[in-house]
Amino acid sequence: MLDRNVLVKENFIKFVRAGNLPASSCSLKPSDVGLTDTAVIDLFETQVMSRHLDLQSRIMQKKGQSFYTIGSSGHEGNAAYAQAFRPTDMAFLHYRSGAFVIQRSKQVPGQTPLYDMLLSFAASKDDPISGGRHKVLGSKALSIPPQTSTIASHLPKAMGAAFSVPLVERLDLVKDEASQMTQHMPTDSIIVCNFGDASSNHSTTQGAINSTAWAAYQSIPMPIVYVCEDNGIGISTSTPDGWIAANYKDRVGITYLHCDGLNILDTYQCAKRAEVIARDQRKPVFMHVRTVRLLGHAGSDAEFVYRDVADIEANEFQDPLLHTARILLENNILDAEAIIKIYQGVEQRIACIAEQAVTKPKLETASQVEASIIPPTLSADISGQHLQIVSDEQRQKLFSHEKHNIKKKQHLAKLINWALMDLMAENKNMVMCGEDIAKKGGVYNVTAKLSERFGKNRVINTLLDEQSILGLAIGMAHNGLLPVPEIQFLAYVHNAEDQIRGEAATLPFFSNGQYTNPMVLRVAGLAYQKGFGGHFHNDNSFAVFRDIPGLILACPSNGADAVEMMRTSVKLAREQQRMVIFLEPIALYMTKDLHDEGDGLWTSQYVAPAESNTTTNLEISTYGKGSELCIITYGNGYYLSRKAEKILKQQGINCRIVDLRWLAPLDEKGIIEQASQCKNILIVDECRQTGSISEALFAMLVEANLAKSISRITAKDSFIPLGAAANHVLPSVEGIVNAAKELIGDSKSSVPVNSGSLATDFNAMNLLKQEITNDEC
């Protein structure tokens, strides 16, 4: 089989010299669209640069010097719309956008796109965007967050960024656009987001564009241009003729435009029309761009297996570089030899630069690779930019509806609500979003009164789509906001987990810490909820979060801890740009009593911010000083263990109970310190045996040479059924007591403990019985 990489290169020169060029789809001239002859030459040079980078990467790959060969060949027309938009317009790009990046770099002084991309191909740690961690198209200077190969997952955050641009203006957060302190985009920015025709079918695309239309339909400004580069094929699967237009042409709230992406004049003109609609009218645009795909999906793709050679050759004759050569010739801008000279000169230039790039150092140690997992800490000037002091008078007004309750002990849900109230007052850029969180106050009233106090621009009711909720949060974080999104139930996270795993958590890693997604994601979850639910409202697995590098996972068991942990979480996001998952045990929201009805031992006094010393330490807490048994647990397990501790103490067994509180990263030093002081260790984990945190705890203790008397009690590897049947698959007080006695070798046989059923373990839950009105529930 002939090397098509070589053929495409040779055919370009042959066809230009012979004047054998593809016909034009339109009769536009450069002057018709506002481009000078020099500008057309410049765009052609960009297209040629992008093409030869693709070819050079494949040459390097054969030598073992390049590690990524998905190229932009056939899509070089995106140079034209890069020229049409401003370099400050944040661009979320797919992997065939090499020409876009090069053309934008020409608009910003001091850029070296050829060298930068070759460093990226070679996985050199000198690569200015990823530091050698991945071949990504991205640049801080060019307002292009890096994007990898997760299909279409960048569209939800592009939607969120578009929503954020006018939101920042409405919130009056921009102090001085010229100041180095500002973290916000210019208020007249638009968002550019491109993707392929195959990706248009992905749920993330459908959700993001639906959310955009949903907002625009309500006259909410959404300044975004979605660019679908339609080459008619996804790897080997063809897109039906007319499918993109049929699917997107008549979307309510979105203007549909079409252009020939092989013709830079038509593409530029279409992009300028899109810019007017998005920038001046603040309305979304779907720009459908016809392209072709050349040289297969990637270097390893044997295209001839699924495409006829005649079709491949016909496709190659529609090379966008040949179309631009025709424009240059027809308009007497350059002759054939001048065109070929540019083509060959760029090839030689890139080959020369490549020789230098492949010699540059690679990442050599694990610590070098891991260095960008945790984002850099911001300076106090930047992190405190939107912090404000809240006076006593302001707080009295803020809590006027609670003036008779503020000094009384409260349950977990109320205390989280009050903590959020104070945090929203202190952090002007903090924005909450989620289903039913505004006037309704959330399913469990945790966000009650926040909308009334801070308005609809800061407490946002979203549509029912978890991918869009998280995309909205990520996009807002890109624009200097401090998002606190809510996922209504833990089981619903799985509808959108790639927005956490593939997007938010990876961004610092793939950008060498230059881009981050600081946020606190609130998730109501875990089991033991009574009155309704089953699995989807009592999901007891958070394994999806546990192996994500750099992510912080919090799980308070009581109101006092929840207040401080929420403040810590917001502080971590604001100052250290961290992503925090705040897992709230539903069954403990309204719990007031511990041992006896009316004892109020699971309520706490609210500590005002001025009386608190919030740190960023992620530490365990400990109850009791016994040395016979150390119980390590969290969440509902801590509540159950406290009940069990009283019974064990009555039977002569003194315990200490470790509440993990922070489930990732674990406070290993604190855990080991407490466990080492006890003869026996019992891990109580309310989640499933397989994949639960008990496995990590067991391994940690063994590796710390604490492999003495250790045991664990977990939930069964089962989903949670309805009603009392749930009791059979979850840890109970009785089970903890019996496991403890068996572990320490108690001579007495295990007997049933009069601790009540799980229904009485979690009392004062009247609110949980309320009718849930959200459709998803």
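Below is a short write-up of the structure. (Residues numbered from 1 in each chain as written. Predicted model: local features only at pLDDT ≥ 70, side-chain atom pairs only at ≥ 80, totals over all residues. Heavy atoms only, no water.)

## Focus on the overall build of the chain
Spelled out, the test is: Helix and strand definitions here come from DSSP, where helices need a minimum of 4 consecutive H or I residues and strands a minimum of 2 consecutive E residues; each element is numbered from the N-terminal end. Here the globule rule is a power law, 2.2 Å times the number of residues to the power 0.38, and the radius of gyration is based on C-alpha atoms. By definition in these notes, contact holds between two residues if any of their heavy atoms fall within 4.5 Å. Methods summary: accessible areas were calculated by the Shrake-Rupley approach with a probe of 1.4 Å, and residue burial reflects only the protein chains presented. In summary, the charge assignment counts Lys and Arg as positive and Asp and Glu as negative, without counting His or the chain termini. Lys charges are placed at NZ, Arg charges at CZ, Asp charges at CG and Glu charges at CD.
Check the secondary structure of the chain and you find 28 helices and 21 strands. Here the C-alpha radius of gyration of the chain, 30 Å, is about what a compact globule of 777 residues would show, namely 28 Å. In terms of overall dimensions, the chain has C-alpha extents of about 100 × 55 × 45 Å along its principal axes. Looking at the chain alone, contacts between residues at least 24 apart form 80% of all its contacts between residues at least 6 apart. Counting only carbon and sulfur atoms, one obtains 49% of the accessible surface of the chain, whose full area is about 29500 Å². Of the side-chain charges in the chain, 74 are positive and 85 negative, and the distance between the mean point of each set is 4 Å.

## Here we look at the pairing of strand β13 (residues 519–525)
For clarity, the threshold we go by: Each residue gets one of three labels from its accessible area relative to the maximum for its type: buried under 20%, exposed over 50%, partly exposed in between, using a 1.4 Å probe on protein chains only. Following DSSP output, two strands are said to pair if at least two bridges run between them.
Among the 7 residues of β13, 7 are classified as buried, and the element is accordingly described as predominantly covered. Burial along β13 is two-sided: the residues M519, L521, V523 and G525 and V520, R522 and A524 are all buried. Note that strand β12 (residues 482–487) and β13 share 2 bridges and pair parallel. Looking at β13, one finds that E486 is bridged to R522. Relative to strand β15 (residues 579–585), β13 runs parallel, the two being bridged by 7 bridges. Within the sheet, the bridge partner assigned to G525 lies in β15 and is P585.

## Examining unusual backbone geometry
With glycine set apart, most residues show a phi of negative sign, and most peptide bonds adopt trans. Each neighbour pair has its own omega, and for A664 with P665 the value is -10 degrees, a cis peptide bond. Mapping P665 onto the fold places it in the loop between β19 (662–664) and α25 (668–675). Backbone geometry at D172 places phi at a positive 55 degrees, although glycine is not the residue there. One can find D172 in the loop between α7 (155–170) and β4 (191–196).

## Quick look at the sheet that holds β19
To keep it simple, the criterion reads: Note on geometry: axes are lines fitted to C-alpha atoms, helical ones only across the stretch in contact, with angles between N-to-C directions running from 0 to 180 degrees.
Read from one edge of the open sheet, 7 strands run β11-β10-β12-β13-β15-β14-β19, paired in mixed fashion. Edge strands, defined here as strands with exactly one partner in the open sheet, are β11 (459–461) and β19. The mean inter-strand angle of the sheet, taken between neighbouring strand axes irrespective of direction, is 20 degrees.

## Observations concerning the state of the cysteines
Basically, it comes down to this: For the purposes of this analysis, a disulfide is any pair of cysteine sulfur atoms at a distance within 2.5 Å.
Under the definition given, this model contains 0 disulfides. Its sulfur unpaired, C193 is 10 Å from the next cysteine sulfur, which belongs to C228. Classification of C193 as buried rests on a relative accessible area of 0%. Not engaged in a disulfide, the cysteine C555 finds its nearest cysteine sulfur in C687; these two sulfurs lie 8.2 Å apart.

## Considerations on the pairing of β4
Rules: We call a crossover right-handed when, viewed with both strands directed away from the observer, the connection leading from the first strand over the helix to the second proceeds clockwise.
Taken across its 6 residues, β4 has 6 buried, putting it largely inside the fold. Because side chains alternate across β4, one face comprises the buried residues I191, C193 and F195, and the other comprises V192, N194 and G196, equally buried. Direction of pairing for strand β1 (residues 91–92) relative to β4: parallel, over a ladder of 2 bridges. The partner of A91 across the bridge, within β4, is V192. This β-α-β element, β4 to helix α8 (residues 203–217) to strand β5 (residues 224–230), shows right-handed connectivity.

## Structural notes on helix α13 (residues 336–357)
Side chains three or four residues apart in an α-helix point the same way, a direct result of the helix having 3.6 residues per turn. Put simply, the rule is: Here the expected span of a helix is defined as 1.5 Å times the quantity of residues minus one. The arc in question is formed by the directions pointing from the helix axis toward the C-beta atoms.
In this model α13 runs 32 Å from its N-terminal to its C-terminal C-alpha over 22 residues, within 8% of the 32 Å that 1.5 Å per residue would give. Along α13, the positions that sit buried rather than exposed are A336, I339, I340, Y343, V346, I350, I353, A354 and A357. Seen along its axis, α13 keeps its buried residues to an arc of 165 degrees; they face one direction. Opposite the buried face of α13, at more than 90 degrees from it, the exposed residues are K341, Q348 and E355.

## Examining a nonpolar patch on the surface
Put simply, the rule reads: Exposure above 30% relative accessible area and the absence of a salt bridge qualify a residue for a patch, where like charges join within 9 Å and nonpolar side chains (Val, Leu, Ile, Met, Phe, Trp, Tyr) within 5 Å. Salt bridges are defined by distance alone: a side-chain nitrogen of Lys or Arg within 4 Å of a carboxyl oxygen of Asp or Glu.
The grouping of F304, V305 and V309 at the surface amounts to a nonpolar patch, some 270 Å² of accessible area in total. Residue position: V309 is located in helix α11 (residues 309–317). Assessed through its relative accessible area of 36%, V309 is described here as partly exposed.

## Topic: the environment of R453
Here R453 lies in helix α18 (residues 450–454). R453 gets classed as partly exposed once you look at its relative accessible area, which sits at 24%. Along the primary structure R453 and M430 are separated by 23 residues, whereas in three dimensions their C-alpha atoms are 13 Å apart. If we skip the residues at most four places from it in the chain, R453 touches K397, L398, S400, H401 and M421.

## With respect to the pattern of salt bridges
Inspection of the entire model under this criterion finds 31 salt bridges. Note that K62 and D3 form a salt bridge whose closest N and O atoms lie 3.4 Å from each other. Of this pair, K62 sits in helix α3 (residues 37–62) while D3 sits in the segment before α1 (4–18), and the two are 59 residues apart along the sequence. Assessed through its relative accessible area of 32%, D3 is described here as partly exposed. The salt bridge involving R574 is made with E575; its shortest N-O contact spans 3.5 Å. Under the relative-accessibility criterion, R574 is labelled buried at 14%. Among the charged side chains, a salt-bridge network with shared partners connects D89, K272, E275 and R279.

## Observations regarding the packing of aromatic side chains
Quick reminder of the rule: Each pair of aromatic rings taken from Phe, Tyr and Trp, with Trp reduced to its six-membered ring, is defined by centres within 6.5 Å and is described as stacked if the planes are under 30 degrees apart, edge-to-face if over 60, and tilted in the remaining cases. Here, over-ring charges are defined by two tests on the NZ atom of lysine or the CZ atom of arginine: distance to the ring centre within 6 Å, and angle to the ring normal within 35 degrees.
Scanning all chains against the criterion turns up 18 aromatic pairs. Note on Y444 and Y589: the rings are 5.2 Å apart at their centroids and 45 degrees apart in plane angle, and the pair reads as tilted. Placement of the pair is Y444 in the loop between β10 (430–434) and α18 and Y589 in the loop between β15 and β16 (621–623), with a sequence separation of 145 residues. Residue class for Y589 comes out buried when judged on its relative accessible area of 1%. Between W602 and Y638, the aromatic rings sit 5.9 Å apart at their centres with planes inclined by 45 degrees, giving tilted as the arrangement. One end of the pair, W602, is in the loop between β15 and β16; the other, Y638, is in helix α24 (residues 635–650), and 36 residues separate them in sequence. Pairwise contacts between aromatic rings join F195, Y248, Y256 and F286 into one cluster. Sitting over the face of the ring of Y623, R642 holds its NZ or CZ atom 3.6 Å from the ring centroid.

## Observations concerning the packing of helix α19 (residues 466–478) against helix α20 (residues 497–504)
Applied cut-off: Each residue gets one of three labels, nonpolar for Ala, Val, Leu, Ile, Met, Phe, Trp, Tyr, Cys and Pro, charged for Asp, Glu, Lys and Arg, and polar for the others, Gly among them.
Contact geometry for α19 and α20: axes closest at 8 Å, N-to-C directions at 35 degrees. For the pair α19 and α20, the contacting residues are Q467, L470, G471 and I474 in the first and Q499, I500, E503 and A504 in the second. Within the contact of α19 with α20, the residues separate by chemical class into 4 nonpolar, 3 polar and 1 charged.

## A short note on the side chain of N429
The test is simple: Whenever a nitrogen or oxygen atom comes within 3.5 Å of another N or O atom, the pair is scored as a polar contact, on the condition that within protein one atom can donate a hydrogen and the other can accept it, and that pairs from neighbouring residues in sequence are kept only if both atoms are in side chains.
You can see N429 is positioned in the loop between α17 (412–426) and β10. In this structure the side chain of N429 is engaged in a polar contact, spanning 3.1 Å, whose partner is the backbone oxygen of G480. With sequence-adjacent residues up to four places away left out, N429 is seen in contact with L173, H386, G480, L481 and L482.

## Some words on α11
Turning to α11, its buried residues number three or more, namely I312, N315 and E316. With its buried residues spanning 100 degrees around the axis, α11 presents them on a single face. Those residues of α11 hidden inside the fold are in contact with α1 and α12 (320–330).

## Structural notes on the sheet that holds strand β21 (residues 709–715)
Across the sheet, 5 strands lie side by side as β16-β18-β17-β20-β21; this open sheet has mixed pairing. Among the strands making up the open sheet, the edge pair consists of β16 and β21. Taken over all neighbouring pairs, the strand axes of this sheet differ in orientation by 20 degrees on average, direction set aside. With 5 bridges connecting them, strand β17 (residues 629–633) and strand β18 (residues 655–659) associate as parallel partners. The residue bridging L629 from the neighbouring strand is C655, located in β18.

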